[in-house]
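Structural description and commentary
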Amino acid sequence: MDSNFTIQNLTSKALVQQFGSPLYVYDEEIIKRQCQTITAALQNSFDQGAKVLYACKANSNPNILKIMRLNGIHGIDAVSPNEIEVALQAGFLNNQITYTANYMTKEEINYAIQKGVILNVGEIDTLKKLIEYKAEVIIRLNLDIGIGHHNHVNTGGNDSKFGINLMWKEQLIEIQKQGVKIIGLHQHMGSKIMKKDHDFYLLGIEKLFQAATQELDLPYLKYIDIGGGFGVKYQEYEEISDLNILFSEIKKLYDKYFINVKPMLFIEPGRYLIAESGYLLCTVQAINTNKQKTFVGTDSGMHHLIRPALYQSYHAIINSEEKQIEPKLVTVCGNICESGDLLGIDRNLKVEVNDVLVVQNGGAYGFSMSSNYNLRERPAEILIRDGQPYIIRKRETLDYLLANIVIL
């Protein structure tokens, strides 16, 4: 339903007039709420025996990481050396950062060890590289269970490139004998886990706990990492997880399997912490109608929010202002030279040229997955704090895009 849309009492149109269009905007109060909700629910079940690590690939702006650190988030799950650097700059300590890159280069391994972060390794060959360091590592397992809203975000099972299957148990034992200390087990089954997925999700966690206590001999076990993937509501019919209930069920499984040794439990939410706080604001440039469809063309597109094109993901789109016109069935598209550059298909919108549209739930995997395709600049990022807007990333320029070009 269209309405006059505000973010902490600031209208979308005013933000666009001040900072330009398109524009990513984040509501700090929603980030705080999500951090406090998940940490409180986890503490209700585990007291001090569990910690939240933010999977910062969802949105790696250091200002956002600082907000999370100040609102109960213990650490960071990083998947590149640059994410480690940003986490350190945001004030997280090296022993609060797990490095969960896949297929690490020798240079990445040296860097991570030099920084003193916790290595999380998902391949036998990478573990072999760590023998010379006598490294302490968490190992990422693939226990044949995957969950996700799209095959591309399902990170378990035979079609997933992630994790070590227990078919390699003997090799893990041998690598331990050669000096690698396995201090933790990790499993991440997939992204956007909702209420309907709980039974399957808990089955996967039970298999992880069984691996830690029955399948493998782990004398140095300190951590058990169940991954993240907790979903948020993108469409009205979806039911999100009740985290108090879910964590209570996980605690029952934990107590069943971990009787003597009590490893610290890690969870790694990304989307849950940041998605709902973010909005992509874009401006309608033209409306193009053919014999069957009406396309609402904006100044944004798949280069700013690729999820609809890549995963067929749904993002609610509303007009930032109430319009006294009849709604139309339209497809909202971008300005990229691709037929798949669609932000929303078959939406009932009251819309005219120059209207500012609000693409919701853009905080996670929005800017962080954006690109310069068609040699277009990425938007500025704005944080709304205590009713005031602050630039936390400047809009890109042509000079920025060409800075590393070498003209022969």
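Residues numbered from 1 in each chain as written. Predicted model: local features only at pLDDT ≥ 70, side-chain atom pairs only at ≥ 80, totals over all residues. Heavy atoms only, no water.

An unreviewed UniProt entry lists the protein chain under the name Diaminopimelate decarboxylase, with Paramecium pentaurelia given as the organism. For the protein chain, the Cofactor (unreviewed entry) comment in UniProt is given as "pyridoxal 5'-phosphate". (UniProt positions renumbered as here; feature names shortened; annotations may be inferred.)

A short note on the packing of aromatic side chains
Applying the stated criterion across every chain, the model contains 10 aromatic pairs. On the basis of an interplanar angle of 65° and a centroid distance of 5.2 Å, the ring pair of F5 and Y279 is categorised as edge-to-face. Of this pair, F5 sits in the segment before β1 (6-7) while Y279 sits in strand β12 (residues 278-289), and the two are 274 residues apart along the sequence. Residue Y279 is classed as buried on the basis of its relative accessible area, which comes to 10%. Judged by centre distance (6.2 Å) and plane angle (85°), the rings of F209 and Y254 are edge-to-face. Taken as a pair, F209 in helix α8 (residues 198-215) and Y254 in helix α9 (residues 243-257) lie far apart in primary sequence, 45 residues in all. (Phe/Tyr/Trp six-rings, centres within 6.5 Å; stacked < 30°, edge-to-face > 60°. Helix = DSSP H or I, 4+ residues; strand = E, 2+ residues; numbered from the N terminus. Buried < 20%, exposed > 50% of the residue type's maximum accessible area, 1.4 Å probe, protein only.)

So, the environment of V353
Along the chain, V353 falls in the loop between β16 (342-349) and β17 (356-359). For V353, a relative accessible area of 40% gives the class partly exposed. Between the alpha carbons of V353 and T283 there is a distance of 8.0 Å; along the sequence they are 70 residues apart. With near-sequence residues (within four places) excluded, V353 lies in contact with V284, Q285, A286 and I287. (Contact = heavy atoms within 4.5 Å.)

A look at the environment of L246
Tracing the sequence through the fold places L246 in helix α9. Linking L246 and E107, residues 139 residues apart in sequence, is a C-alpha distance of 39 Å. Those residues in contact with L246 that lie beyond four places of it in its chain are H198, Y201, L202, F230 and S241.

Points about unusual backbone geometry
Cis geometry marks the peptide bond from S21 to P22; its omega dihedral reads -5°. Looking at where P22 falls in the secondary structure, it is placed in the loop between α1 (12-19) and β3 (23-27). In the Ramachandran plot, Q8 falls in the positive-phi region, its phi being about 50° despite a non-glycine side chain. A positive phi is found at K134, a non-glycine position, where the angle reads about 50°. Looking at the secondary structure, you find K134 in the loop between α6 (124-129) and β8 (136-140). A residue is classified by how much of its surface remains accessible, and K134, at 51% relative accessible area, is exposed.

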